[in-house]
Amino acid sequence: MKSKSYQKLTTAVPQPTTCWVEEQGAALTPTGRGKLAPWWVCSGLLVAAVLLSAVTIWVLQQVSGSWPGLAAPPKCLLVPETHRFDCYPERRVVVTQELCESRGCCFIESILPAGGKQGVPWCFYPPDFPSYTLESLNQTALGMVGMLVRREKAYYPQDIEMLRLDVEFETDTRLHIKITDAANPRYEVPLEVPKATKRAENPIYSLDFSWDPFGVLLRRRATGTVLLNTTVAPLIFADQFLQISTSLPSRFLYGLGEHRSTLLHSLDWTTLTLWARDVSPTESFNLYGAHPFYLLMEEGGDAHGVFLVNSNAMEVALQPAPGLTWRTIGGVLDFYIFLGPDPNMVIQQYQQVIGFPAMPPLWALGFHLCRWGYGSSNETWQTVKAMRNYQIPQDAQWNDIDYMDGYRDFTVDPQKFASLPSLVEDLHKHGQRYVMILDPGISSTNPHGSYWPFDEALKRGLFINTTQGQPLIGQVWPGYTAFADFSNPDTHQWWLENLQRFHAHVPFDGLWIDMNEPSNFMDGSEDGCPPGELDSPPYTPAVLGDSLSAKTLCASAKQKASVHYNLHNLYGLMETKATASALIQIRRKRPFIISRSTFPSQGRYSGHWLGDNRSQWKDMYFSIPGMLSFSLFGIPLVGADICGFSGSTSEELCTRWMQLGAFYPFARNHNTQNEKAQDPTVFSPAARTAMKDVLLTRYSLLPFLYTLFHRAHLQGDTVARPLFFEFPRDVATLELDRQFLWGRSLLVTPVLEPGVDSVTGYVPRGVWYDFYTGSSVNSSGEMLKMSAPLEHINLHVREGAILPTQKPGTTSEMTRRNPLRLIVALSQSATAWGDLFWDDGESLDTFEGGSYSYLVFNVTQNVFTSTVLHASPEATEVTIGTLSIFGVQERPSKVLLNGKEKSFSYLDNQVLTVSNLGLSLSQSFSLQWL
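Residues numbered from 1 in each chain as written. Predicted model: local features only at pLDDT ≥ 70, side-chain atom pairs only at ≥ 80, totals over all residues. Heavy atoms only, no water.

### Digging into the packing of aromatic side chains
Definition in use: Only the six-membered ring of Trp is used, alongside the rings of Phe and Tyr, when aromatic pairs are assigned; centres must lie within 6.5 Å, and planes under 30 degrees apart are stacked while those over 60 apart are edge-to-face, with the rest tilted. A positively charged side chain is recorded as over a ring if its NZ (Lys) or CZ (Arg) lies within 6 Å of the ring centre. The angle to the ring normal must also be within 35 degrees.
Summed over all chains, the structure comprises 46 aromatic pairs. Through a chain of ring-to-ring contacts, the aromatic side chains of Y125, F129, Y155, Y156, F241 and Y539 assemble into a single cluster. In this structure, R668 packs its charged tip against the face of W512, placed 4.3 Å from the ring centre.

### Focus on the state of the cysteines
In protein structure, a disulfide is the covalent linkage between the sulfur atoms of two cysteines. Rules: Working definition: a disulfide is two cysteine sulfur atoms within 2.5 Å of each other. Going along the chain from the N terminus, every DSSP run of H or I of four or more residues is numbered as a helix, and every run of E of two or more is numbered as a strand. Categorising residues by exposure relies on relative accessible area from a 1.4 Å probe, with only protein chains included: less than 20% of the type maximum marks a residue as buried, more than 50% marks it as exposed, and the intermediate range marks it as partly exposed.
On inspection of all chains with the given rule, the structure shows five disulfides. A sulfur-sulfur separation of 2.0 Å characterises the disulfide bridge that pairs C76 with C106. One disulfide, between C76 and C106, carries an S-S torsion of -75 degrees and so falls in the left-handed class. One end of the pair, C76, is in helix α2 (residues 74-77); the other, C106, is in strand β2 (residues 106-107), and 30 residues separate them in sequence. Take C76 and C106: they sit in the same class, and that class is buried.

### A look at the pattern of salt bridges
What counts, and what does not: By salt bridge we mean one thing: a side-chain nitrogen of Lys or Arg within 4 Å of a carboxyl oxygen of Asp or Glu.
Applying the stated criterion across every chain yields a total of 43 salt bridges. Of the charged contacts, one joins R186 and D239 as a salt bridge, the two residues approaching to 2.8 Å between their closest N and O atoms. With R186 in the loop between β7 (174-181) and β8 (205-210) and D239 in the loop between β11 (236-238) and β12 (241-247), this residue pair connects regions lying 53 residues apart in the sequence. Here R186 falls in the buried class, since its relative accessible area comes to 18%. The salt bridge involving R460 is made with E497; its shortest N-O contact spans 2.6 Å. Of this pair, R460 sits in helix α7 (residues 452-460) while E497 sits in helix α8 (residues 489-505), and the two are 37 residues apart along the sequence. Among the ionic contacts, a cluster of salt bridges with common partners joins D278, D514, E517, R596 and D612.

### Observations regarding the packing of helix α5 (residues 377-389) against helix α6 (residues 420-429)
Just so we agree on the cut-off: Note on definitions: angles span 0 to 180 degrees between N-to-C directions of axes, and those axes are lines fitted to C-alpha atoms, for helices only across the stretch in contact. Roughly parallel covers angles under 35 degrees, roughly antiparallel covers those over 145, roughly perpendicular covers 65 to 115, and oblique covers all other angles. Should the near helix be turned anticlockwise from the far one by less than a right angle, the crossing is left-handed, and should it be turned clockwise, the crossing is right-handed. Should any heavy atoms of two residues lie within 4.5 Å, those residues are counted as being in contact.
Relative to each other, α5 and α6 sit at 20 degrees, their axes nearing to 9 Å. One finds that α5 runs roughly parallel with respect to α6. The element α5 and its partner α6 pack so that their crossing is left-handed. For the pair formed by α5 and α6, the contact residues are S377, T380, W381, V384 and R388 on the first element and L420, S422, L423, D426 and L427 on the second.

### What to know about helix α4 (residues 343-354)
Filter applied, for reference: Take the number of residues in a helix, subtract one, and multiply by 1.5 Å to get its expected span. In protein, a polar contact means a hydrogen-donor-capable atom and an acceptor-capable atom, both N or O and within 3.5 Å, with residues adjacent in sequence counting only if both atoms are side-chain atoms; elsewhere, any N or O pair within 3.5 Å suffices.
The terminal C-alpha atoms of α4, which comprises 12 residues, lie 17 Å apart, in line with the 16 Å expected from a rise of 1.5 Å per residue. Within α4, the full set of buried residues consists of P343, N344, V346, I347, Q348, Q349, Y350, Q351, V353 and I354. Taking the backbone nitrogen of N344 as reference, a side-chain oxygen 2.7 Å away marks D342 as the first, capping residue of α4. Residue G355 follows α4 closely and has a positive phi angle near 110 degrees.

### As for the sheet that holds strand β25 (residues 479-483)
Note the following rule: Two strands pair under a simple rule: DSSP has to find at least two bridges between them.
Strands sit in the order β23-β25-β24 across an open sheet of three strands; the sheet is antiparallel. Each end of this open sheet is capped by a strand with a single partner; those strands are β23 (441-443) and β24 (474-476). Each strand axis lies, on average, 60 degrees off the axis of its neighbour in the sheet, ignoring direction.

### Structural notes on the environment of R91
Looking at the element boundaries, R91 is found in the loop between α2 and α3 (97-102). R91 sits in the partly exposed class, given a relative accessible area of 35%. Along the backbone, R91 and P541 are 450 residues apart, and their C-alpha atoms lie at a distance of 8.2 Å. When neighbours within four sequence positions are excluded, R91 is seen to be in contact with Q118, T271 and A542.

### Overview of a nonpolar patch on the surface
Rules: Residues qualify for a patch when their relative accessible area is over 30% and they have no salt bridge, like charges being joined within 9 Å and the nonpolar side chains of Val, Leu, Ile, Met, Phe, Trp and Tyr within 5 Å. Accessible surface is estimated by sampling points in the Shrake-Rupley manner with a 1.4 Å probe; for residues, cover comes only from the protein chains shown.
A cluster of nonpolar side chains, Y407, W477 and F521, forms an exposed patch at the surface whose accessible area comes to about 260 Å². Tracing the backbone shows Y407 in the loop between β21 (396-399) and α6.

### Some points on the sheet that holds strand β18 (residues 323-328)
Within the open sheet, the five strands sit side by side as β11-β12-β18-β17-β14. Their pairing is antiparallel. Each edge of the sheet is formed by a strand with only one pairing partner; in this case those strands are β11 and β14 (270-274). Strand-to-strand twist of the sheet, defined as the mean angle between neighbouring strand axes without regard to direction, takes the value 15 degrees. As paired strands, β14 and strand β17 (residues 314-319) are joined by five bridges and run antiparallel to one another.

### Some details on α7
Taken as a whole, α7 has its buried residues at P453, F454, D455, E456 and A457. At its buried positions, α7 is contacted by β23, β25 and α8. Once α7 finishes, G461 follows within two positions and takes phi at roughly 70 degrees, a positive value.

### A look at the environment of V859
Structurally, the position occupied by V859 is in strand β43 (residues 853-860). Sequence-wise, V859 and S926 are 67 residues apart; in three dimensions their C-alpha atoms are separated by 9.5 Å.

### A few points about the side chain of T180
Checked against the element boundaries, T180 lands in strand β7. The residues touching T180, leaving out its near neighbours within four places in the chain, are L163, R164, E188, F237 and V332.

### Structural notes on the side chain of T649
Here T649 shows up in the loop between β30 (641-642) and α12 (651-661). A relative accessible area of 6% means that T649 is categorised as buried. There is a polar contact of 3.5 Å between the side chain of T649 and the backbone oxygen of C643. Setting aside residues no more than four positions away along its own chain, T649 makes contact with S615, C643, C654, K676, Q678 and F683.

### Quick word on the nonpolar core
Heads up, the rule is: We define a nonpolar core as any set of buried Ala, Val, Leu, Ile, Met, Phe, Trp, Tyr and Cys residues linked to one another through side-chain atoms lying within 4.5 Å.
Residues W326, F663 and F864 are the most contacted members of the largest nonpolar core, which totals 238 residues. Among all residues touching F864, those that are not within four sequence positions of it are I802, L822, V824, F857, N858, V859, L883, F925, S926, L927 and W929. Ranked by size, the runner-up nonpolar core spans 26 residues in total, among them C87, C105, F107 and A154.

### What about the pairing of strand β34 (residues 746-749)?
Along β34, one buried face is formed by L746 and V748 and the opposite face, lined by L747 and T749, is buried too. Pairing of strand β33 (residues 740-742) with β34 involves three bridges; the strand directions are antiparallel. Paired with L741 across the strands is L747, a residue of β34. Here β33 hands over to β34 after three residues, with G743 in that stretch at a positive phi of 60 degrees.

### Describing unusual backbone geometry
A cis amide bond links D212 to the next residue, P213, at an omega of 5 degrees. The topology assignment puts P213 in the loop between β8 and β9 (215-220). Phi is positive for Q391, close to 55 degrees, though the residue is something other than glycine. Checked against the element boundaries, Q391 lands in the loop between α5 and β21. Within the chain, F410 stands out as a residue other than glycine whose phi angle is a positive 65 degrees. Take F410: it is sitting in the loop between β21 and α6. The exposure class assigned to F410 is buried, which follows from its relative accessible area of 13%.

### A closer look at the packing of helix α11 (residues 617-632) against α12
Here is the rule we go by: Amino acids are sorted into nonpolar (Ala, Val, Leu, Ile, Met, Phe, Trp, Tyr, Cys and Pro), charged (Asp, Glu, Lys and Arg) and polar (every other residue, Gly among them).
Look at α11 against α12: their axes get within 10 Å of each other, and the N-to-C directions meet at 5 degrees. On the basis of the axis angle, α11 is roughly parallel to α12. Counted together, W617, D619, M620, S623 and I624 of α11 and E652, L653, R656, W657 and L660 of α12 form the full contact between these two elements. Looking at side-chain class alone, the contact of α11 with α12 contains six nonpolar, one polar and three charged residues.

### Comments concerning the confidence of the model for the protein
Operational definition: Each residue carries a pLDDT score, the predictor's own confidence in it, on a scale running from 0 to 100.
Summary statistics for the protein give a mean pLDDT of 93 and a share of 92% for residues scoring 70 or more. For residues 1-19, every residue scores under 50 in pLDDT, and the model assigns this stretch 58 contacts once sequence neighbours within four places are set aside. Across residues 23-69, where pLDDT falls below 50, the model places 80 contacts with residues more than four positions away in sequence or in other chains.

And the structure:
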C-alpha cells in the first residue's frame, strides 16, 4: 500500500480487519468489535481524503491570506499544529525551508512563542514519510518475533535497514517490547531484569500492529483507551539516532527525571533531556540523574507507566497533541509497559523490573546535620554538642570535603581535623553516627609513592582511559584527577581496600558520594576530546553546554564495559554498587549511602538528595515535586538540603523549611562554605523551639515511617506519595505538588511562602483528623484554609488509619526504647487498620532471615485488636503505652482491656485515650469500649 499517514487515530470507525494484525494478548484472533484504525491504512477512504484535502486547503488559504513563498503541499496543510512531530530537532540551527525539504519534510512557519520557548515545529513529518514495514510476525512461547524493513533511507548516517521486533507478554500487567538491529549486536544497558518463563494468560491489555507503516497500538481492555499509538510519526533507527513517537491518552504525565519542574509536566512543546550533569538545579536543565520512565494518568483514574531501558544521551519531547517522542543516540529501543491499573500498582510493577529499594537502617531516618566549611573537627564537634545541649534530635553528623587533606579522597587534614577519630568515637558513645563525603576523581599529581589510592589504581589499570589508552585527566577539587572506572569489577576491590584502610582510622557509618555524574571542572579532559563520532555525534540532544563532554569526561573515553558514550548515565549507579558492597563487607550492617547521580535500580543501593539548591522560597517548593518524582523512580530515601545549600537563609525560611524537611524521607540540613550557620542551634529561642518541636514530631513518627520503608522494600510501595496516588479519580489531585502524603494516611501541608500565618491546602473527600488534637474535618474534596503560625506545620490523619508512634528521644536509638502510642483514626463506619514492622534497626536482611516482628492493628465494632503475625526477641523490649482513638462519637461508659476494666479519658472533640497500658509488643491484645 502506497498511502501512509501519521495522523492521530480517530476513534470508533469500523474498519475492514485486513488493515491491522491484531494480537489480543494471547491469540491472533479478530475481536469482533469495530477497531481503531488510521484512515490511511485501507484504500477505501482515499477518495474521501482527497476531497477533504481540497476543501481544507481552500479554507486554509482563505484564512491565512497567502503563504510565504510557495504554498505548502496539501498533505502538509492537513496536519494540525499540535500533531506536528519535529523533523529537525537540532539546536543552534536556523531551520530553513531548504534544509527541511532536504529531509523530505513539511515546512510551515508559525508564530514563535515569547521568551525563547519552543513552539510548534516549522519542519515536521508529512503523512507519507517513509518508515519501516512489518515484513513478518511469528508467534513465540512468550509472545511474538517480527522483522521490520526500511526500504528508503532516513537522513541520519548508518541507518539500519532490518530490525528485529521482540514482544513478550510477561505478566497480565506487564508488556515488554524490544526493537534491535537484526544483524549486529548493539550496546545494551547491563541491568538485571526478571526473565519471564511463561506467557501471560489474561493480560489486561491488547496489542495490535500496523504493517505499513509499522506501528504499535496498545489498548487497555477494560476501557478501550489507546495507551500507545506509534503510527503518529516515523520510526527512525540509525546507529546514533533512534526515534519513536506515540500519541498519549491524556496530558497527565509525570516522571522523566532528573529535572527541576512541577510534578505534572507541561506538554506545551517541552523537551526533557536525560544526561547526568553537575549543575545547580535549574528549570529546563538536564540534572544529576537519568530516569527514562513516565507515569501517565488516563481519564477515569487508570494509570500506566513506560520505561525505556536505555542509558545513552536522550531527550523526550512532549507536545500538546498529546504526544511524546523518545530520541536517544545509542543502544536499542527496549520498552517495558506497566498497566497498573492504579498508580501505586504501576510503580510496584516498575520496581518488579528494576528492583525494590533497600531497607535503610533506622538511624538513616533520623535527622542529619552537615555543612561545607565547619573548618575543623573541633568546630564540627561544637555543633554536635550544642545540638545535645538544647536536646534537639540528631542521629548523624556529616562532613563535606573540608575534612580531607588537600581535597584528596581517603585522607584527613592532619591539622584541622586531627580530632576526627575522637569525634566519631564520641558520636558512637551517644548513639549517633558519622557520614563523610567521597568523590570519584582521584588526585593524580602527588609524588609517586606518596598517595596509595592513585598509585595502586594506576598499577592495576583501574582508571577511565583516553582513546590513546592513558588515564583521562580532568580537574576536580584536588586539582588534576583521574577517574575510577566502576564498570570494572577490579575497581570495586580497590575501592573496598581504600575504604577498609580509612575505616580503620575513622570508623564512619555511612557514605555520601558526590560529583559522580562524573563531574569535571574541564570539558572532556586536560587535552579536550578527540575528533570523531562519539564526541561529536551526528545528533546531540539538548544538553546543557551543547556538548556531551560539557563539565564531564569525553564520550570517547574507554571503560572496561564499553565507551563512556554508553556508560555516562550509569557512572553514579556503578559507583554506588561498589560502595554498598564495600560498606556491607566492612560494617556487616545495612549500608547507608546518599548519591547525587542516579539511574533506574539505584534504590536497591542508595538514597538521593536533590543537589545544590539555594536558600530561596521557590527552592523549598521545588523540593516537593523533586521528592515525589524520586518516589516514582523507586528511590524512596530522598530529600533536599533543608534551609538551602547556597545563598543565605533567613530565620523564617529556615523554620518553615525545617518543618517541611522533617517530612522528607531523608532529612538533612546542609549549608555551603562562607555562609552563616543554619543549624537549629544558631537561631532565636522561638525559631529553635519550633525546629526542635517538629523534629520531635518526626521522631515520634519513626515507627510509622520505618514500616512504610519496609513496605517499599517488600513490594515497592511509595513512602512520600502524591495525593493522586490515593485519590486517582479525583481530578483535583492530579496537579497538586505543594502537599504530599506519607503512605496512605498522613497528609502534610507545609507553608511555602513568607509572611503568612495560614495555609490553603486541598483536603480530599472524607474525614481527616488533626494529628495533634484529633479534631476532625469532614471534607467534600475542597481547598481549606488552615491556621499556620510560625511554630506549626499542618498534619492530618486519614480516616480508617492506625499510626504507630513512639515517645520521641533525641536519637532514633533512644526513641526506639520508649513506649508506643497508637493513633487510631476511625472511619465513618467506625473501622480502622494499621501495621507495624519492627526489628533491630540495622542488621542485614532481617525480613528475609525472619528476625523481625510484624503486627497488624484493627478496629471494628468498638473493638481494637493487635495481632502479632510474626515475632522476634527485639519486640519484647518495647511496650505499647497509650491508645488514642479519634472519632469516638459518644463518651463510652467503660473500656475493657482483654476483658478487664481500664480507666480512660474522653474529650469533647471525640478523642478517647487509654494510657498506662504497659503491654509488650510481642503480645496480641484487644481493647473494647462500650
